[in-house]
Amino acid sequence: MPPAPLHRSRRARNIALAGALFALAALFFAITIAKLGS
Amino acid sequence: MSERSIATAARTATAVAAGDGQLGDFVALLKPRVMSLVVFTGFVGLFLAPGTLHPVLALTAVLCIAVGAGAAGAINMWYDRDIDARMARTRDRPVPAGRIEPGAALGFGASLAVGAVLVMGLAVNLAAGALLAGSIAFYVFIYTMGLKRRTPQNIVIGGAAGAFPPLIGWAAVTGDLGVEALVLFAIIFLWTPPHFWALALYRAEDYARAGVHMLPVVAGGAATRRQILGYTLALVPVTLLPTALGEAGWTYGLGAAALGALFLICAIRVLRDTGDRAARRMFGFSILYLFALFALLIVDRSLSLPGV
């Protein structure tokens with residue numbers, strides 16, 4: 001794979017990973033609120 | 001461009017060719033189509049269980065079931081990469097196709113499995129976490145590593161792994177297991193052999209080439225067709241148990257009976273048809289059948305809720 005598509009592919013993967021980490025942080029926050037409320 | 005940068009680019013490109021998978025390849029490792037059925041049946045267990053669960057925790061439980069199932073699928077693809085490479089149906093999977101390194105697939109699956117179990121155990125409850133861990137371990141160690149290559153009964157016993165999700169969903173709400181949850185388990189357990197053997201009937205050459213001891217490879221097509229009918233005959237009455245036990249109403253009961261009759265017709269056609277056509281149809285219908293059965297349980301319960 002030439003460097004440009006390679007970098008696009010890795011960039012997409014890294015953005016997805018960042019999105020997953022942010023979603024996880026948001027989920028843990030929501031779980032904490034839910035647990036505090038119950 | 002200097003010689004050094006060209007060499008670096010070439011090394012990087014080689015790394016990709018040797019298994020630096022793209023995002024879609026990692027998604028494919030999670031077997032998303034299998035995951036959809038697992039998530040749905042898990043959600044039904046959660047929906048039918050007596051009691052209430054905070055919506056965020058319910059979402060967390062369903063998410064953990066999905067990730068746990070996907071993780072088990074990724075570990076399965078790591079372990080089965082040699083036989084996957086020999087089968088037409090599976091040779092384009094990310095690991096046998098060389099788009100993801102085996103070690104990366106194992107690490108990805110193991111990390112997700114541990115994460116899903118920990119979150120389920122800590123955020124929802126220990127029973128649901130333990131059941132999720134048990135289902136992943138059963139799929140990986142008992143089915144994938146133990147049974148799949150050794151016995152034609154692989155998917156009969158291994159089918160239990162796929163039957164766990166309603167139990168996990170139920171336990172997420174109640175913290176234990178009820179009779180209705182066990183009935184849901186039994187439905188998926190008995191549905192699995194006709195579902196997979198219908199597929200194996202028209203993929204028998206593929207399985208034989210890979211050395212997988214599926215029933216059509218070991219016992220032949222005629223014996224498999226009889227077994228499919230036998231399991232279907234056992235399955236249909238079990239699908240009526242929720243109504244018989246008073247856990248579901250007549251909406252579900254009549255729907256399950258009609259769907260069961262259609263599934264039985266499929267099995268009889270498979271018994272009579274020595275070609276592939278009936279088996280292909282039965283495999284396709286079996287997926288719809290399980291979705292419809294579990295959807296009926298939700299509809300039936302929704303109709304019985306106060307104010308409906």
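Owing to the predicted nature of the structure, the values given are computational and were not obtained by experimental measurement.

**Examining the overall build of chain B**
Step number 1: Per the secondary structure count, chain B includes 15 helices and zero strands.
Step number 2: Taking 2.2 N^0.38 as the reference for a compact globule, 308 residues should give roughly 19 Å; the C-alpha atoms of chain B span a radius of gyration of 21 Å, in line with that estimate.
Step number 3: Overall size of chain B, expressed as C-alpha extent along the three principal axes, is 75 × 50 × 30 Å.
Step number 4: Taking all 308 residues of chain B together, the buried fraction comes to 48%.

**With respect to the overall build of chain A**
Step number 1: Looking only at helices and strands, chain A has one helix and zero strands in total.
Step number 2: If one aligns the C-alpha atoms of chain A with their principal axes, the spans along those axes are about 55 × 10 × 5 Å.
Step number 3: Going through the 38 residues of chain A one by one, you find that 0% of them count as buried.

**Thoughts on unusual backbone geometry**
Step number 1: Within the chain, B:K31 stands out as a residue other than glycine whose phi angle is a positive 50 degrees.
Step number 2: Checked against the element boundaries, B:K31 lands in the loop between α2 (23–29) and α3 (32–48).

**Brief notes about the nonpolar core**
Step number 1: With 98 residues, the main nonpolar core has B:A61, B:I65, B:A74, B:A116, B:M120 and B:L132 as its most contacted residues.
Step number 2: With 15 residues, helix α4 (residues 55–79) of chain B is the single largest residue contributor to this core.

**Regarding the confidence of the model for chain B**
As a note on interpretation, predicted positions should not be read in detail where pLDDT is low.
All names here are of chain B.
Step number 1: The predicted model of chain B averages 91 in pLDDT, with 93% of residues at 70 or higher.
Step number 2: At the level of individual helices and strands, chain B shows its lowest average pLDDT in helix α1 (residues 3–17), which scores 49, and its highest in helix α14 (residues 250–272), which scores 97.
Step number 3: For residues 8–17, every residue scores under 50 in pLDDT, and the model assigns this stretch ten contacts once sequence neighbours within four places are set aside.
Step number 4: With a pTM of 0.88, the predicted complex shows an ipTM of 0.84.

**Let's talk about the environment of B:V140**
Residue and element names in this part refer to chain B.
Step number 1: Summarising the element assignment, V140 is placed in helix α7 (residues 126–147).
Step number 2: Among the residues examined, V140 registers 23 C-beta atoms within 10 Å and is labelled buried.
Step number 3: For the pair V140 and R91, spaced 49 residues apart in sequence, the C-alpha separation works out to 20 Å.
Step number 4: If we skip the residues at most four places from it in the chain, V140 touches A72, I75, N76 and M145.

**Some thoughts on the packing of α4(B) against α7(B)**
For any two helices packed against each other, one specifies the crossing angle of their axes together with the interaxial distance.
Residue and element names in this part refer to chain B.
Step number 1: The geometry of α4 relative to α7 is characterised by a closest axis approach of 10 Å and an angle of 20 degrees between their N-to-C directions. Accordingly, the angle class assigned to the pair α4 and α7 is roughly parallel. For the crossing formed where α4 meets α7, the hand is right-handed. Along its contact with α4, which presents A61, C64, I65, G68, A71, A72, I75, N76 and Y79, the element α7 presents A128, L132, S135, I136, Y139, V140, T144 and M145.
Step number 2: The residue inventory of the contact of α4 with α7, partitioned by class, reads 13 nonpolar, four polar and no charged.

**Topic: the domain arrangement of chain B**
Reports of interface size often rely on the accessible area that becomes lost once the parts have come together.
Residue and element names in this part refer to chain B.
Step number 1: On domain assignment, one finds that chain B holds domain 1 (14–177) and domain 2 (182–308).
Step number 2: Placing a centre on the C-alpha atoms of domain 1 and another on those of domain 2 gives a separation of 22 Å.
Step number 3: In this complex, domain 1 contributes 27 residues to the contact, which on the side of domain 2 involves 25 residues.
Step number 4: When residues of the side of domain 1 that touches domain 2 are traced back to their parent elements, those giving at least two are α3 and α8 (154–174).
Step number 5: When grouped by side-chain class, the residues that make up the side of domain 1 that touches domain 2 number 16 nonpolar, six polar and five charged.

**With respect to helix α6 (residues 102–124) of chain B**
Step number 1: The end-to-end C-alpha distance of α6(B), which contains 23 residues, comes to 32 Å, matching closely the 33 Å that a straight helix rising 1.5 Å per residue would cover.
Step number 2: Of all the positions in α6(B), only B:A105, B:F108, B:G109, B:L112, B:A113, B:A116, B:V117, B:V119, B:M120, B:A123 and B:V124 are classed as buried.
Step number 3: Those residues of α6(B) that are buried are in contact with α1 (3–37) of chain A together with α2, α4, α7 and α8 of chain B.

**Focus: the packing of α3(B) against α8(B)**
All names here are of chain B.
Step number 1: Between α3 and α8, whose axes approach to 6 Å, the crossing angle comes to 35 degrees. Remark: the crossing between α3 and α8 carries right-handed chirality. Facing α3, whose interface residues are V38, T41, G42, F43, V44, G45 and L46, α8 presents P165, P166, L167, I168, G169, W170, A172 and V173.
Step number 2: The residue inventory of the contact of α3 with α8, partitioned by class, reads eleven nonpolar, four polar and no charged.

**A look at α7(B)**
Residue and element names in this part refer to chain B.
Step number 1: The sharpest bend along α7 measures roughly 30 degrees and falls at F138.
Step number 2: Considered for burial, the residues of α7 that qualify are A128, G129, L131, L132, S135, I136, F138, Y139, V140, Y143 and T144.
Step number 3: Elements in contact with the buried residues of α7: α4, α6 and α8.

**Examining the environment of B:R203**
Step number 1: Structurally, B:R203 is set in the loop between α9 (179–202) and α10 (204–210).
Step number 2: Taking the C-alpha atoms as reference points, B:R203 and B:D276, 73 residues apart in sequence, are found 9.2 Å from one another.

Calculation criteria
- Residues numbered from 1 in each chain as written.
- Chains lettered and ligands numbered in written order.
- Predicted model: local features only at pLDDT ≥ 70, side-chain atom pairs only at ≥ 80, totals over all residues.
- Helix = DSSP H or I, 4+ residues; strand = E, 2+ residues; numbered from the N terminus.
- Rg over C-alpha atoms; globule rule 2.2 N^0.38 Å.
- Buried ≥ 20, exposed ≤ 12 C-beta atoms within 10 Å, placed from the backbone.
- Core = buried A, V, L, I, M, F, W, Y, C linked by C-beta atoms within 7 Å.
- pLDDT = per-residue confidence, 0-100.
- Contact = placed C-beta atoms within 7 Å.
- Axes fitted to C-alpha atoms, helices over the stretch in contact; angles between N-to-C directions.
- Parallel < 35°, antiparallel > 145°, perpendicular 65-115°, else oblique.
- Left-handed = near helix turned anticlockwise from the far one by under 90°.
- Nonpolar A, V, L, I, M, F, W, Y, C, P; charged D, E, K, R; others polar.
- Domains from an automatic or database assignment.
- Expected span 1.5 Å × (residues − 1).
- Bend = angle between axes of the 7 residues up to and from the residue.

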